[in-house]
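# Tertiary structure, described
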Amino acid sequence: MAAVILGCDTNGLHRWDYGAVVAQVAQSGRFLDRWRVGFCPDILPGTEAWLLVQGGNDAGSGLIGHGSVASEPYQAAAGDDSDANDWFIAVAFDALLPLGEQIRPGTLREAFPGDLWAKANGPSLVTLPPSSWPVLQRLWREYGPTTPDPTEVVAGTFPPGGVSHIQVNRFERDPDARRACLAFHGTSCAACGFSFESAYGEAGTGATAVHHVVPPAMIGSGYQLDPIADLIPLCHNCHAVAHGANPARTVSELRSIMSAAGHVRGEVVTDLALQAQEDARRILGGGKT
Ligand SMILES: [Zn+2]
Ligand SMILES: [Zn+2]
């Protein structure tokens, strides 16, 4: 693992419609763009990347984003108005703060003293010493973005190897579609029947996940989400197991896995029931076991 700071001035953010990019990352969890580095950096895909904006003053500066390097360095034309080539890396941003809410330089210097932050002045790429990684993760946990779903982990708040991400798609994050799905199907898990409300009362409200059941291959550009046919409620256990395979496991696959393991509707099957199943199998199998 390695980690770098990508420094940029505010123009670096404004070449995007930055507000729209923040909204896209909040909704889909990802924004991919090329990042001009100006030289061939010694950097590998998967490197953690922290975005540091350097405005004219402290109020316009600070740590504003997190992502990961998504390509080897490559050369490409620098812009529309120029034939000259420059060096780029692709960066997938997965957590961004709105401009104005960035973690200010004073807070950064206090948490990690030294000249690290000054080195990342303007367009730059600075390698982060490993001792700074947990500091950045802690700051990002404290001041970084939040997610609407409390069970989701904000990218950058823990070591990358320390959390496994369920790769949900953007249809599962759409709050309106989620509301329509749960209003129709109810909030109990469609696979195991678990109800967060019955188990946890008021504290369980809103904890149900919604799962998108349309295979990605069937989603063309003209695809329109039907929140009732295409989304189903799942508890987080079933959701994790559904996404544990690619393509995701279906509800009937989840049910047969659970019944094969002796778990039905969140209950462990009793010895008596197991004995009855055993008897039934023997009878159906004509006495052979
Ligand atoms: Zn379930
Ligand atoms: Zn899902």
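Residues numbered from 1 in each chain as written. Chains lettered and ligands numbered in written order. Predicted model: local features only at pLDDT ≥ 70, side-chain atom pairs only at ≥ 80, totals over all residues. Heavy atoms only, no water.

Before going further, it helps to examine the coordination of the zinc ion (ligand 2). Around the zinc ion (ligand 2), the protein contributes the donor atoms Glu172 (OE), Glu172 (OE), His211 (ND1), His239 (NE2) and His243 (NE2), at 2.0 to 2.7 Å from the metal centre. Donor residues binding the zinc ion (ligand 2) come from one chain and are separated in sequence as E-x38-H-x27-H-x3-H. Highlighted residues: His211 in strand β8 (residues 209-212) and His243 in the loop between α8 (236-242) and α9 (251-260), separated in sequence by 32 residues. By relative accessible area, His243 is classed as partly exposed at 25%. (Donors = N, O, S within 2.8 Å, 3.2 Å for Na, K, Ca; no water. Helix = DSSP H or I, 4+ residues; strand = E, 2+ residues; numbered from the N terminus. Buried < 20%, exposed > 50% of the residue type's maximum accessible area, 1.4 Å probe, protein only.)

Time to look at the coordination of the zinc ion (ligand 1). Around the zinc ion (ligand 1), the protein supplies Cys189 (SG), Cys192 (SG), Cys235 (SG) and Cys238 (SG) as donor atoms, at distances of 2.2 to 2.4 Å. Note that the zinc ion (ligand 1) binds four donor atoms; their angles at the metal cover 106 to 116°, and the shape is tetrahedral. Between consecutive donors of the zinc ion (ligand 1), the numbers of intervening residues give the motif C-x2-C-x42-C-x2-C. A residue pair is termed long-range when its members are at least 10 positions apart, and Cys189 in the loop between α6 (175-185) and α7 (196-200) and Cys235 in the loop between β9 (231-234) and α8 qualify at 46 residues. (Tetrahedral: all angles 85-135°; square planar, octahedral: opposite > 155°, others 65-115°.)

The next point concerns helix α2 (residues 18-28). All of the buried residues along α2 are Tyr18, Val21, Val22 and Val25. For α2, the angular spread of the buried residues around the axis is 100°, confining them to a single face. Phi for Gly29, located one or two positions after α2, is positive at around 80°. (Arc of directions from axis to C-beta.)

We now examine the pattern of salt bridges. This model, assessed by the stated rule, comprises four salt bridges. Linking Asp176 and Arg179 is a salt bridge whose minimum nitrogen-to-oxygen distance equals 3.2 Å. Of the two residues, Asp176 and Arg179 are both situated in helix α6; the distance of three residues between them amounts to about one turn of the helix. Given the relative accessible area of 53%, Asp176 is considered exposed. (Salt bridge = Lys/Arg side-chain N within 4 Å of Asp/Glu carboxyl O.)

Moving on: the nonpolar core. Within the largest apolar cluster, 44 residues are counted, with the highest numbers of intra-cluster contacts made by Leu6, Trp35, Leu51, Ile89 and Phe93. What Phe93 contacts, discounting residues up to four positions off in sequence, is Leu6, Trp16, Val25, Gly29, Arg30, Phe31, Trp35, Leu51, His66 and Gly67. (Core = buried A, V, L, I, M, F, W, Y, C linked by side-chain atoms within 4.5 Å. Contact = heavy atoms within 4.5 Å.)

On any regular strand, side chains alternate: one points to one face of the sheet, the next to the other face. Going residue by residue along β9, you find Leu231 and Pro233 tucked away on one face and Ile232 and Leu234 tucked away on the opposite face as well. Looking at chain direction, β8 and β9 are connected through four bridges and run antiparallel. Its bridge partner being in β9, His211 is matched across the sheet by Ile232. (Pairing = 2+ DSSP bridges.)

This part takes up the packing of aromatic side chains. For the structure on display, the rule yields 10 aromatic pairs. Ring geometry for Trp16 and Phe31: centres 5.2 Å apart, planes at 80°, overall edge-to-face. Of this pair, Trp16 sits in the loop between α1 (10-14) and α2 while Phe31 is found in strand β2 (residues 31-36), placing the two residues 15 residues apart along the sequence. Here the aromatic residues Trp16, Tyr18, Phe31, Trp35 and Phe93 are joined through ring pairs into a cluster of three or more. For the cation-ring pair, Arg34 lies above Phe88, with the distance from its terminal atom to the ring centre recorded as 3.9 Å. (Phe/Tyr/Trp six-rings, centres within 6.5 Å; stacked < 30°, edge-to-face > 60°. Lys NZ or Arg CZ within 6 Å of the ring centre and 35° of its normal.)

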